[in-house]
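# Observations on chain architecture
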Amino acid sequence: MGQAQISVYSAVKAFGRVFAEGLWLELREHGVDVLELVLGVTRTPAMERAGLNMDIPGMNVADPDDVAREGLEHLGDGPVWVAGGNYQAAQKRSGFPRADKVAGAHEAMKRMLPPESGK
Ligand SMILES: NC(=O)c1ccc[n+]([C@@H]2O[C@H](COP(=O)([O-])OP(=O)(O)OC[C@H]3O[C@@H](n4cnc5c(N)ncnc54)[C@H](OP(=O)(O)O)[C@@H]3O)[C@@H](O)[C@H]2O)c1
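Residues numbered from 1 in each chain as written. Predicted model: local features only at pLDDT ≥ 70, side-chain atom pairs only at ≥ 80, totals over all residues. Heavy atoms only, no water.

## What to know about the side chain of H74
Among the structural elements, H74 can be located in the loop between α3 (64–73) and β4 (80–82). Here D77 takes part through its side chain, which lies 2.6 Å from a polar atom of the side chain of H74. The contact partners of H74, leaving out residues within four places of it in the chain, are L35 and W81. (Helix = DSSP H or I, 4+ residues; strand = E, 2+ residues; numbered from the N terminus. Polar contact = N/O pair within 3.5 Å; in protein donor to acceptor, adjacent residues only side chain to side chain. Contact = heavy atoms within 4.5 Å.)

## Observations concerning the site of the ligand
Around the ligand, a shell composed of Y9, K13, L39, G40, V41, T42, T44, P45, A46, M47 and R49 is seen. At 3.5 Å from an oxygen atom of the ligand is found a main-chain nitrogen or oxygen belonging to G40. A distance of 2.5 Å separates an oxygen atom of the ligand from a polar atom in the side chain of T44. Burial of the ligand by the surrounding chains reaches 36%, relative to a free accessible area of 900 Å². Looking at the shell around the ligand, the elements that each hand over two or more residues are α1 (7–27), β2 (41–42) and α2 (45–49). With 4 residues, the single largest contributor to the shell around the ligand is α2. Of the residues assigned to the shell around the ligand, the class counts are 6 nonpolar, 3 polar and 2 charged. (Near = heavy atom within 4 Å. Areas by Shrake-Rupley, 256 points an atom, 1.4 Å probe, with all protein chains shown as cover. Nonpolar A, V, L, I, M, F, W, Y, C, P; charged D, E, K, R; others polar.)

## Some points on unusual backbone geometry
Of the consecutive residues G78 and P79, the connecting peptide bond is found in the cis state with omega at 10°. Inspection of the secondary structure assignment puts P79 in the loop between α3 and β4. Each neighbour pair has its own omega, and for F96 with P97 the value is 0°, a cis peptide bond. Here P97 is to be found in the loop between α4 (87–93) and α5 (98–112). Phi at Q5 is positive, roughly 75°, even though this residue is not glycine. Here Q5 is to be found in the segment before α1.

As structure tokens, this is what we get:
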């Protein structure tokens, strides 16, 4: 989804989805697996550096080793695999109308960001 302050980052994720889908179609006849692995919130060094609050009650936070293992187990289930039990959330966020979805996710993201960056 589009996200404030990290618009280019978000747009690269959209590119990755479409690129993976095209490659999956092109390469499957050659026996090559292509998978876009979609993560939920994952406790990685990048997230720690960003100072994200990952201890919000009810938030689904994954361990990087589990996400990597799940991705490898589902290499043949492309073009897209949503890891960490986030399939329904991803499905919901992919719907329409976009204004409601994007603004709702923005509010949720503000709760995770450090106070000075949560505008
Ligand atoms: N963590 C989350 O909650 C989350 C959620 C959704 C999506 N993602 C996506 O998951 C991916 C990994 O994120 P992360 O949280 O694991 O980030 P991270 O902790 O910063 O790890 C990034 C990894 O990429 C490697 N890397 C960076 N630049 C590279 C380059 N030019 N060539 C080869 N390797 C390079 C780094 O290697 P070094 O350690 O050697 O620098 C590091 O192992 C990203 O695409 C991110 O957008 C993460």
